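Inside the fold
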Amino acid sequence: MIKSITTPLNQDDVLALKAGDQVLLSGVIYTGRDAAHKRLVALLEAGKELPFDVYNQVIYYVGPTPAKPGAVFGSGGPTTSGRMDAYAPTLLSLGLRGMIGKGYRSEAVKKAMQEYTGVYFGAIGGAGAYIGQCIQTCEVIAFDDLGPEAIRKLTVKDLPLTVVIDSYGNDLYEQGRAQYLKEHQHAN
Amino acid sequence: MKEICQETIIKEVKRLCMEANYVLPMDVQKALQDAYTKEDSLIGQQTLEVLNKNASIASCTSSPICQDTGMACVFVEIGQDVHVQGSLNEAIHEGVRQGYQEGYLRKSVVDDPMFDRINTKDNTPAIIHYEIVEGDQLKIIVAPKGFGSENMSQVKMLKPSDGVQGVKDFVLKVVNDAGPNACPPMVIGVGIGGSFDRVTLLAKKAMLREIGTHHPDQRYQALEEELLEKINQTGIGPAGYGGKTTALSLNIETYPTHIAGMPVAVSICCHVARHKEVIL
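Residues numbered from 1 in each chain as written. Chains lettered and ligands numbered in written order. Predicted model: local features only at pLDDT ≥ 70, side-chain atom pairs only at ≥ 80, totals over all residues. Heavy atoms only, no water.

It is worth spelling out the environment of Ala143 of chain B at this point. Residue and element names in this part refer to chain B. Note that Ala143 resides in strand S5 (residues 138-145). C-alpha of Ala143 to C-alpha of Gly70: the two residues are 73 residues apart in sequence and 8.5 Å apart in space. Contact partners of Ala143, with chain neighbours within four places excluded, come to Met71, Ala72, Cys73, Phe75, Leu208, Arg274 and His275. (Helix = DSSP H or I, 4+ residues; strand = E, 2+ residues; numbered from the N terminus. Contact = heavy atoms within 4.5 Å.)

All names here are of chain A. Of all the residues in helix H4 (residues 107-116), the buried ones are Val109, Lys110, Ala112 and Met113. Buried residues of H4 fall within an arc of 160 degrees about the axis and therefore sit on the same side. Exposed side of H4, more than 90 degrees from the buried face: Glu107, Lys111 and Glu115 are the residues found there. Immediately downstream of H4, the backbone of Thr117 shows phi near 65 degrees, a positive value. (Buried < 20%, exposed > 50% of the residue type's maximum accessible area, 1.4 Å probe, protein only. Arc of directions from axis to C-beta.)

Residues and elements named next belong to chain B. One pass over the structure, following the stated rule, counts 28 salt bridges over all chains. The shortest N-O distance in the salt bridge between Asp34 and Lys30 comes to 3.1 Å. Of this pair, Asp34 and Lys30 both sit in helix H2 (residues 26-38), separated by four residues, roughly a single helical turn. Residues Lys168 and Glu226 are paired through a salt bridge, measuring 2.9 Å at the closest nitrogen-oxygen approach. With Lys168 in helix H6 (residues 163-178) and Glu226 in helix H8 (residues 218-231), the pair connects residues that are 58 residues apart, well separated along the chain. According to the relative accessible area criterion, Glu226 is partly exposed, its value standing at 28%. (Salt bridge = Lys/Arg side-chain N within 4 Å of Asp/Glu carboxyl O.)

Looking now at the domain arrangement of chain B. Residues and elements named next belong to chain B. When cut into domains, chain B gives domain 1 (2-21 + 65-145) and domain 2 (148-273). Centre-to-centre, using C-alpha coordinates, domain 1 lies 26 Å away from domain 2. Taken together, the links from domain 1 to domain 2 amount to two salt bridges. Between Lys205 and Glu131 there is a salt bridge whose closest N-O contact spans 2.8 Å. Scanning the region where domain 1 abuts domain 2 turns up four residue pairs in polar contact (both at pLDDT 80 or more). (Domains from an automatic or database assignment. Polar contact = N/O pair within 3.5 Å; in protein donor to acceptor, adjacent residues only side chain to side chain.)

In this section: the packing of aromatic side chains. All chains considered together, the criterion is met by three aromatic pairs over all chains. Here Tyr104 of chain A and Tyr173 of chain A contribute two aromatic rings whose centre-to-centre distance is 6.0 Å and whose plane-to-plane angle is 80 degrees, an arrangement assigned as edge-to-face. Residue Tyr104 of chain A is located in the loop between strand S4 (98-101) and H4, and its partner Tyr173 of chain A is located in helix H6 (residues 172-184); the two are separated by 69 residues in the primary sequence. Taking relative accessible area as the criterion, Tyr104 of chain A reaches 30% and is therefore assigned partly exposed. Residue class for Tyr173 of chain A comes out buried when judged on its relative accessible area of 6%. Their ring planes at 15 degrees and their centres at 6.2 Å tell us that Tyr173 of chain A and Tyr241 of chain B sit as a pair that is stacked. Placement of Tyr173 of chain A in helix H6 and of Tyr241 of chain B in the loop between H8 and strand S8 (247-257) is noted, with the two residues assigned to different chains. Pair check on accessibility: Tyr173 of chain A and Tyr241 of chain B agree, each one buried. Members of the aromatic cluster, joined through ring pairs, are Tyr104 and Tyr173 of chain A together with Tyr241 of chain B. Over the aromatic face of Phe143 of chain A sits the side chain of Arg39 of chain A, whose NZ or CZ is 5.2 Å from the ring centroid. Positioned over the ring face of Tyr22 of chain B is Lys68 of chain A, at 5.3 Å from the centre of the ring. (Phe/Tyr/Trp six-rings, centres within 6.5 Å; stacked < 30°, edge-to-face > 60°. Lys NZ or Arg CZ within 6 Å of the ring centre and 35° of its normal.)

Now for the sheet that holds strand S6 (residues 154-158) of chain B. The strands that make up a sheet are held in pairs by hydrogen bonds between backbone atoms, and each pair lies either parallel or antiparallel. All names here are of chain B. Strand order in this open sheet of four strands is S6-S9-S7-S8, and the pairing throughout is mixed. Every interior strand has two partners, whereas the edge strands, S6 and S8, have only one. Each strand of the sheet is rotated relative to its neighbour by a mean of 15 degrees, with strand direction disregarded. Most of the contacts of helix H7 (residues 196-208) go to strand S7 (residues 186-194), to which it runs at about 145 degrees, and overall it touches S6, S7, S8 and strand S9 (262-269). Along the sheet face, H8 touches S7 and S8 and points at about 140 degrees away from the line of S8. (Pairing = 2+ DSSP bridges. Axes fitted to C-alpha atoms, helices over the stretch in contact; angles between N-to-C directions.)

Right, let's get into the pairing of strand S2 (residues 71-79) of chain B. All names here are of chain B. In terms of residue burial, S2 counts as a mostly covered element, since seven of its nine residues are buried. The pairing of S2 with S5 spans eight bridges and is antiparallel. By the bridge assignment for S5, Ile78 is matched with Leu138. In this sheet, strand S4 (residues 127-133) lies alongside S2 in parallel orientation, the contact comprising seven bridges. Looking across to S4, one finds that Ile78 is bridged to Ile132.

The step from Thr7 of chain A to Pro8 of chain A runs through a cis peptide bond, and the omega angle for that step is -5 degrees. Mapping Pro8 of chain A onto the fold places it in the loop between strand S1 (2-6) and helix H1 (11-15). A cis geometry characterises the amide bond from Pro184 of chain B onward to Pro185 of chain B, with omega recorded as 10 degrees. Within the secondary structure layout, Pro185 of chain B lies in the loop between H6 and S7. One non-glycine residue, Ser62 of chain B, lies in the positive phi region at around 50 degrees. Note on placement: Ser62 of chain B falls in the loop between helix H3 (42-61) and S2. Residues other than glycine seldom take positive phi values, yet Tyr104 of chain B does so here, at roughly 55 degrees. Among the structural elements, Tyr104 of chain B can be located in the loop between helix H4 (88-102) and S4.

Here the focus is the environment of Pro113 of chain B. All names here are of chain B. With respect to the helices and strands, Pro113 occurs in the loop between H4 and S4. Here Pro113 falls in the exposed class, since its relative accessible area comes to 60%. Spatially, the C-alpha atom of Pro113 lies 36 Å from that of Gly44, the residues being 69 residues apart in sequence.

Here it is, written out as structure tokens:
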């Protein structure tokens, strides 16, 4: 069964999600990847305010292609999340509720997700044109000079995601693979 | 002596950058469709269905298949009887500049790699490899390479005593390390032999070789088949969610090497294995 969920997400919303769940996410989310994360954490270290309040929000690790004339958004699939691992625990400690990306997360991130109640969603890597169609509005709200890495505020409708790591520490990358091998009895 | 003008090269490179990013090569499309019919994990099948839809949306709407429209890797084979009027190098960079600008492709290149990391805003410079060949033709292959998978590629200087098993172990280690990060199903190129620099180029060329073609030496062909089978038994599957389709293909390219060495490189590409070529 596919669950429909809407941002902002509170702790109860996150606690109800389990690794392997398929969801359709709607509402406002924020984009941010390498350079933007570096700046967000630098702002916090300098005791300054962030360009948006991360509490109960979801960050999508993406750097989209430029929108064509008349279009809202270009192509926008997920980037590799592991590069944001150095910064994610800090944002989770401020109440960031969800992250969307692809690929492995560190133990430190998984631990912070359990401690502060966060969820990690996987979007399908490489499906940029398909995912781009779920974006209804897009506005750059910070770090415009970073081009594709600027922070954008997006409104999405039925963005198809899979819960990869839940707030209990379950990881679909480990479980899905183990489950498949168990069912198909491959020796490796 | 054939004369080719700079303008022709700019125009062609620009077109190749755009088309490569919008339309998957036929062999990759076919491999993705075949994988969908063979996949026996439900979530794996659903993922492959999305990837097939994605490729079709991108090609129908002239949109980038993936938002990482890559660093433009350009392979040039220039016949020794070809003369280019003006700078061939500059013509290629200009073609990339125009293609990425006019094609609404993402600009993903930073100037200084470590200190400044400021976006060059036009996706230049390209990475260009030249090879001089006989004849009067100029062949240009544009292969935009995304870095989700590029970051997962590895090279290792094996010892001759590591043997065939050493190569197998290393390839499987690279695939396991890459896992979901490389956007599986992957397209894999393995280089064996040559030197530290040559082996990585071999791996990249192997990655670009048509899916379903094989190394001319039957022993390497058997190794290509065996490694692909083993990789598809890891259970990583599409998007890393579990399944049998972890790689669409694995090609090997080889070159003679030194008595003391056995370099091996594994070039990992995601399922968006883009390349487009022209012969002038």
